[in-house]
Amino acid sequence: MRVTFLGTGGAVPTTERGPSALLVNREGERLLFDCGEGTQRQMMRFGTGFTVSHLFVTHLHGDHVLGIPGLVQTWDFNDREEPLVVHAPPGSKRHLRNLVESGGYRPGFPINIHEVKPGNVALSGGDYEVRTFETNHRNVRSMGYALVEDDRRGRFDREKAEALGVPVGPAFGRLHEGESVELEDGTVVRPEQVVGESRPGRRLVYTGDTRPVDATVEVAAEPDLLVHDATFADDRADRARGTGHSTGREAAEIASRAGARRLALTHISSRYAGDASPIEREAQAAFDGEAFVPDDGQKFEVPYPDADGE
């Protein structure tokens, strides 16, 4: 699972940071979270590929959605035929439809806008799901998303299987798939004899703009990567409260409560255009895991919890 930080800045873009956009490439499927102004160019610039199947919108503020019309029209110019599903908070459909069709434009491929309430599943992807949770941003209905993979099969113990007399070959695979195997002497070897406990999949949580909220902690226990609003350093905590954002320290406290392994601090205010290190330092001081402020274009491989890379 590769995360590309397409836009890590706040509402006012800078030469270093564009508005919010995060692209997740999971086993070849591309999922886009928010689509700030200029997202299509960032996708080209950072080589993420253009084939996005689902777009997840956290809220309707311009720095999270104004990239949608340009991206849709670019897809249309490239003869896209595949539908795009846009997931968004309740009450968003009419506004997003108007945005897509601004100036009387009508895309030549289907765009399905799926309003989903916080606390539900926006997308069931077979072996993963994208869950929604309510966030707290000013003057708008907002929510975050958690990509949670299913548990994986346990490790197959080849030595134990051979010791039990299982012949090398297809029987190994059948056992690993959960099927019992009968040997030539009539002995039955069961999967639980040679396959270990199931192992957790990866978990990614993306908050969008928000104050610290309990729902972020509750949506996915021990996320492998938490991408959290950290618009200001602590000396601007009053400003963060007034605008519905978080500080780096506040994001770190949420990460600690959630048991997150890594914390990416995003939506960095233009106030820190030259140096976001105060936000990063304060988060690192309040969090035992890895905390960092990503740059636009930075890629991050989300490892499995047991770090075996399988």
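Please read all numbers here as calculations on a predicted model, not as lab measurements.

Quick notes on the rules
- Residues numbered from 1 in each chain as written.
- Predicted model: local features only at pLDDT ≥ 70, side-chain atom pairs only at ≥ 80, totals over all residues.
- Heavy atoms only, no water.
- Helix = DSSP H or I, 4+ residues; strand = E, 2+ residues; numbered from the N terminus.
- Buried < 20%, exposed > 50% of the residue type's maximum accessible area, 1.4 Å probe, protein only.
- Lys, Arg positive; Asp, Glu negative; His and termini not counted.
- Charge placed at Lys NZ, Arg CZ, Asp CG, Glu CD.
- 1 Å grid on protein atoms, 1.4 Å probe; cavity = no way out; pocket = protein on both sides within 12 Å on 5 of 7 lines; lining within 4 Å.
- Points joined across faces, edges and corners; volume = space filled by probe spheres on them.
- Nonpolar A, V, L, I, M, F, W, Y, C, P; charged D, E, K, R; others polar.
- Salt bridge = Lys/Arg side-chain N within 4 Å of Asp/Glu carboxyl O.
- Core = buried A, V, L, I, M, F, W, Y, C linked by side-chain atoms within 4.5 Å.
- Contact = heavy atoms within 4.5 Å.
- Phe/Tyr/Trp six-rings, centres within 6.5 Å; stacked < 30°, edge-to-face > 60°.
- Lys NZ or Arg CZ within 6 Å of the ring centre and 35° of its normal.

Caption draft 1: Molecular detail of the overall build of the chain. Scanning the chain for helices and strands turns up 11 helices and 16 strands. Principal-axis analysis of the C-alpha atoms places the extent of the chain at approximately 75 × 50 × 35 Å. Residues classed as buried in the chain amount to 52% of the 310 residues present. Between the mean site of the 36 positive side-chain charges and the mean site of the 50 negative ones, the chain shows a separation of 5 Å.

Caption draft 2: Quick peek at empty space enclosed by the protein. Using the criterion set out here, one finds 1 cavity of 30 Å³ or more in the structure. Along the wall of the largest cavity there are 13 residues; nearest its centre are Gly-7, Ser-20, Tyr-206, Thr-266 and His-267. For the lining of the largest cavity, the secondary structure elements donating two or more residues are strand E1 (2-7), strand E2 (21-26) and strand E13 (225-229). Considered class by class, the residues forming the lining of the largest cavity number 5 nonpolar, 6 polar and 2 charged.

Caption draft 3: Expanded view of the pattern of salt bridges. All told, the structure shown has 24 salt bridges when counted by the stated rule. The partner of Arg-2 in a salt bridge is Glu-301, and the shortest N-O contact between them spans 2.7 Å. Residue Arg-2 is located in strand E1, and its partner Glu-301 is located in strand E16 (residues 299-301); the two are separated by 299 residues in the primary sequence. Here Asp-234 makes a salt bridge to Arg-249, at a shortest N to O gap of 2.7 Å. Of this pair, Asp-234 sits in the loop between E13 and helix H9 (237-243) while Arg-249 sits in helix H10 (residues 248-258), and the two are 15 residues apart along the sequence. Members of the salt-bridge network, linked through shared partners, are Arg-26, Glu-27, Asp-127, Glu-149 and Arg-202.

Caption draft 4: Structural detail: the nonpolar core. Membership of the largest hydrophobic core comes to 30 residues, with the highest contact counts inside it found for Val-205, Leu-226, Leu-263, Leu-265, Tyr-272, Ile-279 and Phe-287. When contributions to this core are tallied by element, the ones reaching two or more residues are strand E9 (143-149), helix H8 (214-218), H10, strand E14 (262-266) and helix H11 (277-285). At 5 residues, H10 tops the list of elements feeding residues into this core. Residues in contact with Leu-263, not counting those within four places in the same chain, are Leu-225, Leu-226, His-228, Ala-251, Ala-252, Ala-255, Ala-283, Phe-287, Glu-290, Ala-291 and Phe-292. In this structure, Cys-35, Phe-46, Leu-55 and Ile-68 belong to the second largest nonpolar core, which totals 26 residues.

Caption draft 5: Molecular detail of the packing of aromatic side chains. In total, this model carries 8 aromatic pairs according to the counting rule given. Residues Phe-33 and Phe-56 carry aromatic rings whose centres are separated by 4.7 Å and whose planes lie at 15° to one another, so their mutual orientation is stacked. Of this pair, Phe-33 sits in strand E3 (residues 29-35) while Phe-56 is found in strand E4 (residues 52-56), placing the two residues 23 residues apart along the sequence. Seen in terms of ring centroids, Phe-156 and Phe-172 are 5.0 Å apart; in terms of plane orientation they differ by 50°. Their pairing is tilted. Of this pair, Phe-156 sits in the loop between E9 and helix H5 (158-163) while Phe-172 sits in helix H6 (residues 170-176), and the two are 16 residues apart along the sequence. A relative accessible area of 22% means that Phe-156 is categorised as partly exposed. Members of the aromatic cluster, each reached through a chain of ring pairs, are Phe-33, Phe-56, Tyr-145 and Tyr-206. Across from the ring centre of Trp-75, 4.5 Å away, lies the NZ or CZ of Arg-80, which sits over that ring. Directly above the aromatic system of Tyr-304 lies the positively charged group of Arg-152, at a separation of 3.9 Å from the ring centroid.

Caption draft 6: Structural detail: helix H3 (residues 68-77). The element H3 is extensively covered by neighbouring structure, given that 7 of its 10 residues are classed as buried. If you check which residues of H3 are buried, you get Ile-68, Pro-69, Leu-71, Val-72, Thr-74, Trp-75 and Asp-76. Where H3 terminates, the next one or two residues include Asp-79, which has phi positive at roughly 65°.

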